[in-house]
Amino acid sequence: MKRTFGSFVFVLVAGAIIGALYGLMMNEILDQNWGLKAPIRGAVRGMVVASVAVVLEVWISNSAIGRWQRSLKFRRGVALRVIITCLIIYVALASSHLVLIGDREIYVQWFQNGFAPDFLFALGAGVVIQVMLQARRLIGGRTLTYFLLGRYARPTEERRIFVLADLKDSTTITETLGDQRALELITGVFLDIDAAIKRNRGVIHNYVGDEIIMSWLDRGPDGNMPLLQCIYEIFQTLSVRQAHYLKKYGVAPALRLGIAGGPVAVGECGWEKRQVVYIGDTINKAKRMQEACKRHDLSVILDAETARGITMPMGIGIAAVEEATLRGRAEATKMLTLTGPDGSALEALPSLPVPA
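Note that the structure is a prediction, hence the values are computed from the model and not measured.

### Considerations on the pairing of strand β1 (residues 156-167)
- When you tally the buried positions in β1, you get 9 out of 12 residues, the bulk of the element.
- In this structure, β1 lies alongside strand β4 (residues 255-269), joined through 12 bridges in antiparallel fashion. Bridge pairing links glutamate 158 to valine 264 in β4.
- Sheet topology places β1 next to strand β3 (residues 211-217); 7 bridges connect them, and they run antiparallel. Pairing of leucine 164 across the sheet is with isoleucine 213, part of β3.

### Overview of the side chain of threonine 337
- Considering the arrangement of structural elements, one finds threonine 337 in strand β8 (residues 332-339).
- In terms of polar contacts, threonine 337 uses its side chain to reach the backbone carbonyl oxygen of valine 300, at 2.6 Å.
- Apart from the residues within four sequence positions on either side, threonine 337 is in contact with Leu298, Val300, Leu302, Gly317, Ile318, Ala319, Val321 and Ala345.

### Let's talk about the environment of glycine 280
- Its location among the elements puts glycine 280 in the loop between β5 (275-279) and α12 (281-296).
- By relative accessible area, which is 23% here, glycine 280 ends up partly exposed.
- Distance in space between the C-alpha atoms of glycine 280 and alanine 265 is 6.2 Å, their sequence separation being 15 residues.

### Overview of the packing of aromatic side chains
- Enumeration over the complete set of coordinates arrives at 3 aromatic pairs.
- Ring centres of phenylalanine 162 and tyrosine 278 lie 5.8 Å apart, and the angle between their planes is 70°; on these two criteria the pair is classed as edge-to-face. Linking phenylalanine 162 in strand β1 with tyrosine 278 in strand β5, this pair joins segments that are 116 residues apart in sequence.
- Seen from the ring of tyrosine 245, arginine 241 lies directly overhead, with NZ or CZ sitting 5.9 Å from the centre.

### Some points on the pattern of salt bridges
- Under the defined criterion, the tally for this structure stands at 12 salt bridges.
- Residue aspartate 303 is joined to lysine 285 by a salt bridge in which the shortest nitrogen-to-oxygen separation is 3.5 Å. A residue pair is termed long-range when its members are at least 10 positions apart, and aspartate 303 in strand β6 (residues 300-303) and lysine 285 in helix α12 qualify at 18 residues.
- On the basis of relative accessibility, which here comes to 2%, the residue aspartate 303 falls in the buried class.
- Salt-bridge contacts for glutamate 291 lead to arginine 288; the nearest nitrogen and oxygen are separated by 3.8 Å. Residue glutamate 291 and its partner arginine 288 are both found in helix α12; the two are separated by 3 residues, about one turn of the helix.
- In this structure glutamate 291 comes out as partly exposed when scored by relative accessible area, which is 33%.

### A short note on helix α8 (residues 170-177)
- Within α8, the full set of buried residues consists of Ser170, Ile173 and Leu177. Considered in projection along α8, the buried side chains sweep an arc of 60° and stay on one side of the axis. Residues of α8 that are exposed and point more than 90 degrees away from the buried face comprise Thr171 and Glu175.
- Where α8 is buried, its residues meet β1, α9 (179-199) and α11 (242-249).
- Glycine 178 lies just past α8 and shows a positive phi near 95°.

### Quick word on the confidence of the model for the protein
- For the protein, per-residue confidence averages 80 on the pLDDT scale, and residues scoring 70 or more make up 75% of the total.
- In the predicted structure, residues 350-356 sits below a pLDDT of 50 and forms 18 contacts with residues beyond four places in sequence or in another chain.

### Quick notes on the nonpolar core
- Counting residues in each nonpolar core, the largest one holds 38 residues, and the members touching the most others are Ile231 and Ile234.
- Among residues more than four places away in sequence, those in contact with isoleucine 231 are Leu257, Ile259, Val300, Leu338 and Leu346.
- Formed by 12 residues, the second largest nonpolar core is a distinct cluster that contains Tyr146, Tyr152, Phe162 and Leu164.

### Here's the deal with a nonpolar patch on the surface
- Together, Phe119, Leu120, Leu123, Val127 and Val131 give the surface a local cluster of nonpolar side chains, amounting to about 430 Å² of exposed area.
- Residue position: valine 131 is located in helix α6 (residues 115-139).

### Thoughts on the packing of α8 against α9
- Axis separation between α8 and α9 bottoms out at 6 Å; the angle between their running directions is 130°. As the angle between them shows, α8 and α9 are arranged oblique. The chirality of how α8 crosses α9 is right-handed. Residue-level inspection shows Ile173, Thr174 and Leu177 of α8 in contact with α9, the latter providing Asp179, Arg181, Ala182 and Leu185.
- When grouped by side-chain class, the residues that make up the contact of α8 with α9 number 4 nonpolar, 1 polar and 2 charged.

### A word on the packing of α9 against α11
- Interhelical geometry of α9 versus α11 gives an angle of 170° and a closest axis separation of 12 Å. With respect to each other, α9 and α11 are oriented roughly antiparallel. In this structure, α9 crosses over α11, and the sense of that crossing is right-handed. For the pair formed by α9 and α11, the contact residues are Arg181, Glu184, Leu185, Gly188, Val189 and Asp192 on the first element and Tyr245, Lys248 and Tyr249 on the second.
- A class-by-class count of the residues in the contact of α9 with α11 yields 4 nonpolar, 1 polar and 4 charged.

Reading guide: rules and limits
- Residues numbered from 1 in each chain as written.
- Predicted model: local features only at pLDDT ≥ 70, side-chain atom pairs only at ≥ 80, totals over all residues.
- Heavy atoms only, no water.
- Buried < 20%, exposed > 50% of the residue type's maximum accessible area, 1.4 Å probe, protein only.
- Helix = DSSP H or I, 4+ residues; strand = E, 2+ residues; numbered from the N terminus.
- Pairing = 2+ DSSP bridges.
- Polar contact = N/O pair within 3.5 Å; in protein donor to acceptor, adjacent residues only side chain to side chain.
- Contact = heavy atoms within 4.5 Å.
- Phe/Tyr/Trp six-rings, centres within 6.5 Å; stacked < 30°, edge-to-face > 60°.
- Lys NZ or Arg CZ within 6 Å of the ring centre and 35° of its normal.
- Salt bridge = Lys/Arg side-chain N within 4 Å of Asp/Glu carboxyl O.
- Arc of directions from axis to C-beta.
- pLDDT = per-residue confidence, 0-100.
- Core = buried A, V, L, I, M, F, W, Y, C linked by side-chain atoms within 4.5 Å.
- Patch = residues over 30% accessible without salt bridge, like charges linked within 9 Å, V, L, I, M, F, W, Y side chains within 5 Å.
- Areas by Shrake-Rupley, 256 points an atom, 1.4 Å probe, with all protein chains shown as cover.
- Axes fitted to C-alpha atoms, helices over the stretch in contact; angles between N-to-C directions.
- Parallel < 35°, antiparallel > 145°, perpendicular 65-115°, else oblique.
- Left-handed = near helix turned anticlockwise from the far one by under 90°.
- Nonpolar A, V, L, I, M, F, W, Y, C, P; charged D, E, K, R; others polar.

Below you can see the structure in the form of structure tokens.
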């Protein structure tokens, strides 16, 4: 909530600044002598336009149209988003001009002289906004912010909880569907669960074949609850989408999740493809938890130390799995699984083989 409010305030401030500058420009184009009214009126218009544009953008993004947009190929998706953003900005501009300027003569004058500049402005703004958003999505919103702020210019240490999730029976699915269809399926699964990860403050670090690597900053027991809420929502999403996957691919995909928390070293790495890299035994431990899922035929396994650092949301509990010495570790690790409201192990849907 705080992050959303902060982003909205940033958009309002940016809209006010751009609107004030645009008001001064339109004052010159229309050859008016509005004085301070030009930037003030422009700032108000900018805030109104920014607010309307953000509300419409969020509404479209969270609707069925938004999901369809995200499933499009990159170039088509960007072109469509530019058109939609341009129309949203232009409609907001025209509406704000009509509402904020009650003088009919001035509005007619704007329609004659300012209509084309406003359209070009909206088109240019739409292109810039979408290019920035796509760059943000390609790099990652937080990663881009970290680069700009130089947060990880020098290696530092953080406490994070890592979740490694891979597709169950991926080898069988790939052999049956073929590489291209299997990749289409994996891409669809990751697209479906993306919203739950973002909504619950998770960070996606990488996609490695049929595996997605994500993490949460360790915020203490109560602050770590969104992680488990995210896992529950991921399973719910896969359940809701089961019919779709069965109809399209003949299989209901399921995930195995290994969870482990602890300190990691974080720093920038590389030049041609610069990345924020996380290194530490915590990631290795999460991988061992994921491997244990396959051995015990469970969907989720985490270690006891990590579980102690998370307040369990309503309806989610834990149950012991085994205590074993993991590869590369000297001491035994107690492994747990998550349970649902009925006390049974929290499960993703079982993968169903594609009919021959």
